[in-house]
Amino acid sequence: MRMPFRLNLTLGLALVSMVILGAVFAPLLTAHDPILDADLMNSEMPPSWDHWFGTDSQGRDVFSRVLYGARVSLTIGIVAQAINSTIGIALGLSAGYWGGWWDDLVNGLTNLMLAIPSLVFALAIMAVLGPGVVSLLIALGLTNWSWSCRITRGAVMSLKSQGYVQAARTLGYGDIRIMLTQLLPNIVGPVLVMATLGIGEAVLAEAALSFLGLGIRPPAPSWGNMLTDAREAIRSVPWATIFPGLAVFVTVLGFNLLGDGVRDWLDPRMQVRA
Amino acid sequence: MGRYILRRLLQMIPTLLAVAALIFLIFSVLPGSFAGTMTGGGRRALSPELVAQINAQFGLDKPLPVRFWDYLVRLVQFDLGTSFRTREPVMDLIAARIWPSLQLALSAMALAVTVGIPLGFLAAMRPGSLLDSITMIGAVSGLSMPQFWLGLLLMYVFALQLGWLPSFGYGEGRLRNLILPAIALGFAPLALLARTTRAGVLEVMASDHIRTAMAKGASPSQMVRWHVLRNVMVLIVTTMGLQIGSLLGQALVIEKLFSWPGLGSLMVDSVAIRDIPVVQGTILVIVLWFLVINVLVDVIYAAIDPRISLR
Amino acid sequence: MSGPLLDIRGLTIGIPNRNGPPLQIVRDLSFDIMPGEIFGLVGESGSGKSASALALMGLNRRPLTTLKGQALYGGQDLLAMSRRSMRKLRGDRISMIFQEPMTALNPLARIGSQIAEMFVLHRGLSWSDARPKAVEALAAVQVPDPEGRARAYPHQLSGGLRQRVMIAVAMACRPDLLIADEPTTALDVTVQAEVLRLIRELCEREGTAVLLISHDLGVIAQMCQRVGVMANGRLLELRDAKALFTDPRHPYTQGLLAALPRLGSRAVEGRHRLADLDTAIDRNAPGFAETYLRPRGEAA
């Protein structure tokens, strides 16, 4: 898509910064407490000047719950994807560089991980660990590294025969040093793109798991569990359904656009393709 | 061809066993006991005798390697064990859920294919046009939207407000009940297919053999029919396969939301009560589906691309 | 002899620029091609040869645009024709082969049907009637086992064979003009000679004129009756091949010829190095514009 002024990148950056700023400055942006301000006298109020997103069926301010929910979603999204990226890069680098039985093993494991849909796998892990932030980080951080690993491995396999890597080897550099100083800097681009898109996926997965009651436990606000509550009262309080979902949508859209934008930026030829 | 498919199907067995082992380990090694959750999440203390009795009944008192071996032996006999809760064979529980699950996944995919691919094609034919921009914005939005939120909105508008369609349930397989969950589930693959198709068409249109076709004097429609369609299919069949393959798993939340009696809602319900044999069984079936679709994709791939030979 | 088959006048190709004069790739190019003649267009890469050829076919891709000029073929201007009538001409009366035989064919279609397509497009044959004609066309370009090769896919053939297939496609409808854009550049030296001979023999037999584009003076000398020398988007010199090679007039042509290695002259001083050529075409050198970019009439 021929877009003026790198629209993807700009819009993605704008949306992501908006969500991050909202999460960081949540206490300054709203006077209502997301949990304690339950006021049944004031429940099911439509959006107003005092309650921008209205109040839910327990009288809590939806706007402040969405803001505080951003803290949970972003933390989980970013940390889980950081774990995924670290695993993917470490396995992909070492497998692509060393080859042999280690490569076979990593490749087999990657294919195994690809065969199990990551949400299914995460759900199974959540079943064992029980709800909570730490469980979510483990479940989402261990189940979505296969693409990072594949891409890293492929890139390393084509890079390692290049002159400068051979040169580093003749200079007596150790394997780890070559991987970290010669190979890693050259695959940062695609890995960064994968990571950005991965944050969006993790935010979606967290919302889904919390929606199913296996993620963040109420009353702590999370976009997913807000939707669980709201679903019961969707007929009388539709705004309580619309806004948390919109928050997930805007956040994931931001990361997706950012990822696409970074890819276009790194490789202008890809603009036509994706 | 037949031998190739047979070999590929046999090659799935180690993968399935590995998945079985992985899932088995996760449920056995990590903390948390079934007997505890079975009786109310450990809020009421159970007498140790009762716990031991429950464990013995399900063979949970034996050492881990023995249990794993027993599990594998039963698995190769197509015995997935017995549900902790209903005491029915897991196989029967799954069999009852497979058809609704497939019905939902395949309708979602049919929607994605019949709308997504033509849309991507039209967008690519006029790059930079209004249709192109709308399609691409819609595609990235579709990929960013939580499917269950889309489901909730569809439910709100078409079931609760307009009253055109039922808001949940299987309805003995009536089409009316299928429409909303299928749209909610199919939207993301639709968006992805539109995007991949567009990228594929642009890639093919930029290739040298299209210039040859133009030099031959082919009209745009002849060119598309003879030199573009098939070449684009080669580029999107993998994406399509991955989507179909993972759709059973992706349907978890939608099935739960619409109370659709498929594998996904069976798994979610079983997870909630830690009915581990059922969870293991559903995961295995979901993985099996993915692997079978993969073999199918490779066969189709080889059928449309002469450069790929089935070895 | 009758008049020219194709008469190109003042062809100018460039990239339109919204905020100023267009960037010109080819400037004011004029030459003609007689029926049955092999006309050579020679020049370094980037001199505008290929863009000119593609412009005649109407195949330049955006942003490249034909800005000015005429290409008269049988009284019609190719550059001003409707897309529809141009399509009828393309492949039928004027056909083209490209430099890269590895990618010029559709990788997913059988060789036979890619040739048969020509008869379906321009002779109105059905696919089943066109197939045997495609086998004949393959035999005409001396492909061994034409029956079997018609059922093959491009990746199963060597580069030389693929280029023969492209020639079979181009010659299928016995065109009046064949545009060959660097037809042998991507091929092995041994295969080059065979493919060139094939083009010459076929075109002689069918009375097809050829516009041969090459950077290779050897190829041009071997094939052509008349030659145009292009540099920097301009036609510098247009002569009979013999005259051009024995008595080059334009300093650029002289430089090109002098840079050719000659059999038997081993002494370094007897051969101009490529560095000389580079200074000869240095665009920043004082007096470059006057020397090289004179109007065509004066240069020739």
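This structure is a prediction, so every number in the text was calculated from the model and none was measured.

**Topic: the overall build of chain C**
Within chain C one finds 14 helices and 10 strands. When burial is assessed residue by residue, chain C has 52% of its 300 residues classed as buried. Across chain C, contacts joining residues at least 24 apart in sequence account for 68% of those joining residues at least 6 apart. When the accessible surface of chain C is totalled, it reaches about 14100 Å², and 50% of it is carbon and sulfur.

**Points about the packing of aromatic side chains**
Within a pair of aromatic rings, the relevant descriptors are the distance that separates the centres and the angle that separates the planes. Tallied over the full model, the rule gives 8 aromatic pairs over all chains. Here Phe211(A) and Phe148(B) contribute two aromatic rings whose centre-to-centre distance is 4.5 Å and whose plane-to-plane angle is 25°, an arrangement assigned as stacked. Here Phe148(B) lies in helix H7 (residues 147-161) and Phe211(A) lies in helix H9 (residues 175-211), a pairing that spans two chains. Under the relative-accessibility criterion, Phe148(B) is labelled buried at 1%. An angle of 45° between the planes, with centres 5.9 Å apart, marks the rings of Phe158(B) and Trp164(B) as tilted. Note on Trp164(B): relative accessible area 54%, which makes it exposed. These aromatic residues form a ring-pair network of at least three members: Phe24(B), Phe68(B) and Tyr71(B). The side chain of Arg177(A) reaches across the aromatic face of Tyr173(A), ending 3.8 Å from its centre.

**Some details on the UniProt feature "domain: ABC transporter" (unreviewed entry) in chain C**
Taken from the UniProt record, the annotation "domain: ABC transporter" (unreviewed entry) applies to residues 8-257 of chain C. Summarising residues 8-257 of chain C: 41% helix, 25% strand, and an end-to-end C-alpha distance of 26 Å.

**Topic: the pairing of strand E7 (residues 177-181) of chain C**
Residue and element names in this part refer to chain C. Counted residue by residue, E7 has 5 buried out of 5 residues, so it is predominantly covered. Neither face of E7 is open: one carries Leu177, Ile179 and Asp181, the other Leu178 and Ala180, and all of them are buried. In the sheet, strand E6 (residues 94-97) pairs with E7 via 4 bridges, with the strands oriented parallel. The partner of isoleucine 97 across the bridge, within E7, is alanine 180.

**A short note on the sheet that holds strand E4 (residues 65-73) of chain C**
Residues and elements named next belong to chain C. Spatially, the 4 strands line up as an open sheet ordered E2-E1-E4-E5, and their pairing is antiparallel. Where the open sheet ends on each side, the last strands, each with one partner, are strand E2 (23-33) and strand E5 (76-77). By the bridge criterion, 7 bridges tie strand E1 (residues 6-15) to E2 in an arrangement that is antiparallel. Opposite isoleucine 15, over in E2, you have leucine 23 as the bridge partner. Of the strands in this sheet, E1, E2 and E4 are in contact with helix H1 (residues 49-57), which crosses E1 at around 110°.

**Concerning the interface of chain B and chain A**
The interface is formed by 44 residues belonging to chain B together with 41 residues belonging to chain A. For the chain B and chain A pair, buried surface summed over both sides reaches about 4100 Å², with 79% attributable to carbon and sulfur atoms. When residues of chain B are sorted by the area they lose upon contact with chain A, Ser144(B), Phe148(B) and Trp149(B) head the list and together hold 15% of the total. Between chain B and chain A we count 1 salt bridge in total. For the salt bridge of Arg195(B) with Asp260(A), the shortest nitrogen-to-oxygen distance reads 3.0 Å. Joining chain B to chain A, the criterion identifies 4 residue pairs in polar contact (both at pLDDT 80 or more). Per-element tally for the side of chain B that touches chain A: the top contributor is helix H1 (residues 2-29) of chain B, with 7 residues. The class makeup of the residues in the side of chain B that touches chain A is 33 nonpolar, 6 polar and 5 charged.

**Quick word on the interface of chain B and chain C**
By convention, interface size is frequently given as the accessible area that disappears when the constituent parts associate. At the interface, 25 residues of chain B touch 27 residues of chain C. A buried area of about 2300 Å², summed over both sides, lies between chain B and chain C, and 59% of it is on carbon and sulfur atoms. By the criterion of area lost to chain C, the three top residues of chain B are Arg211(B), Lys216(B) and Trp226(B), representing 30% of everything that side buries. For the pair chain B and chain C, the interface holds 1 salt bridge. One salt bridge in this structure joins Glu117(C) and Lys216(B), with 3.0 Å as the shortest N-O distance.

**Quick notes on the side chain of Asn144(A)**
All names here are of chain A. Tracing the backbone shows asparagine 144 in the loop between helix H6 (133-141) and helix H7 (146-159). At a separation of 2.8 Å, a polar atom in the side chain of asparagine 144 contacts the side chain of glutamate 201. Dropping the residues within four chain positions of it, asparagine 144 is found in contact with Asn84, Ser118 and Glu201.

**Things to note about empty space enclosed by the protein**
Residues and elements named next belong to chain A. Evaluation of the coordinates by the stated rule reveals 5 cavities of 30 Å³ or more. In this structure, the largest cavity occupies an estimated 90 Å³ of space. Around the largest cavity, the lining residues are Asp56, Ser57, Arg60, Val62, Arg65, Met226, Asp229, Ala230, Ala233, Val237 and Ala240. Broken down by secondary-structure element, the contributors of at least two residues to the lining of the largest cavity are helix H3 (62-98) and helix H10 (223-232).

**Focus on the packing of helix H1 (residues 7-24) of chain A against helix H11 (residues 238-266) of chain A**
Residue and element names in this part refer to chain A. Contact geometry for H1 and H11: axes closest at 7 Å, N-to-C directions at 140°. Of the two elements, H1 crosses H11, and the hand of that crossing is left-handed. Side by side, H1 and H11 meet where Asn8, Leu9, Leu11, Gly12, Leu13, Leu15, Val16, Met18 and Val19 of the first sit next to Val250, Thr251, Leu253, Gly254, Phe255, Leu257, Leu258, Asp260, Gly261, Val262, Asp264 and Trp265 of the second. Classifying every residue of the contact of H1 with H11 gives 14 nonpolar, 5 polar and 2 charged.

**Quick notes on H7(A)**
Residues lying three or four places apart along an α-helix face the same way, a consequence of the helix completing one turn every 3.6 residues. All names here are of chain A. Compared with the 20 Å implied by 1.5 Å per residue over 14 residues, the 20 Å span of H7 between its first and last C-alpha is a close match. Listed as buried for H7 are Ser146, Ser148, Cys149, Thr152, Arg153, Val156 and Leu159. Buried residues of H7 fall within an arc of 160° about the axis and therefore sit on the same side. Summarising the contacts, the buried residues of H7 are in contact with H3, helix H4 (100-115), helix H8 (163-170) and H9.

**Thoughts on the confidence of the model for chain C**
All names here are of chain C. Of the residues in chain C, 86% have a pLDDT of 70 or more, and the chain-wide mean is 82. Low pLDDT, under 50, characterises residues 284-300; the predicted model gives this stretch 25 contacts beyond four residues in sequence or across chains. Two summary scores accompany this predicted model of the complex, namely pTM at 0.83 and ipTM at 0.82.

**Things to note about a nonpolar patch on the surface**
Residue and element names in this part refer to chain A. Among the surface-exposed residues, Ile20, Leu21, Val24, Phe25, Leu28 and Leu29 lie close enough to one another that they form a single nonpolar patch of about 570 Å² accessible area. Sort the elements by how many residues they give to the nonpolar patch and H1 lands first, with 3 residues. Its place among the elements puts phenylalanine 25 in the loop between H1 and helix H2 (26-29).

**Some remarks on helix H5 (residues 90-125) of chain B**
Over its 36 residues, H5(B) extends 50 Å from the first C-alpha to the last, a length consistent with the 52 Å expected when each residue adds 1.5 Å. The axis of H5(B) is deflected most strongly, by about 35°, at Ile98(B), and proline Pro100(B) appears within four residues downstream.

Rules used throughout
- Residues numbered from 1 in each chain as written.
- Chains lettered and ligands numbered in written order.
- Predicted model: local features only at pLDDT ≥ 70, side-chain atom pairs only at ≥ 80, totals over all residues.
- Heavy atoms only, no water.
- Helix = DSSP H or I, 4+ residues; strand = E, 2+ residues; numbered from the N terminus.
- Buried < 20%, exposed > 50% of the residue type's maximum accessible area, 1.4 Å probe, protein only.
- Contact = heavy atoms within 4.5 Å.
- Areas by Shrake-Rupley, 256 points an atom, 1.4 Å probe, with all protein chains shown as cover.
- Phe/Tyr/Trp six-rings, centres within 6.5 Å; stacked < 30°, edge-to-face > 60°.
- Lys NZ or Arg CZ within 6 Å of the ring centre and 35° of its normal.
- UniProt positions renumbered as here; feature names shortened; annotations may be inferred.
- Pairing = 2+ DSSP bridges.
- Axes fitted to C-alpha atoms, helices over the stretch in contact; angles between N-to-C directions.
- Buried area = accessible area lost by both parts, 1.4 Å probe.
- Salt bridge = Lys/Arg side-chain N within 4 Å of Asp/Glu carboxyl O.
- Polar contact = N/O pair within 3.5 Å; in protein donor to acceptor, adjacent residues only side chain to side chain.
- Nonpolar A, V, L, I, M, F, W, Y, C, P; charged D, E, K, R; others polar.
- 1 Å grid on protein atoms, 1.4 Å probe; cavity = no way out; pocket = protein on both sides within 12 Å on 5 of 7 lines; lining within 4 Å.
- Points joined across faces, edges and corners; volume = space filled by probe spheres on them.
- Left-handed = near helix turned anticlockwise from the far one by under 90°.
- Expected span 1.5 Å × (residues − 1).
- Arc of directions from axis to C-beta.
- pLDDT = per-residue confidence, 0-100.
- Patch = residues over 30% accessible without salt bridge, like charges linked within 9 Å, V, L, I, M, F, W, Y side chains within 5 Å.
- Bend = angle between axes of the 7 residues up to and from the residue.

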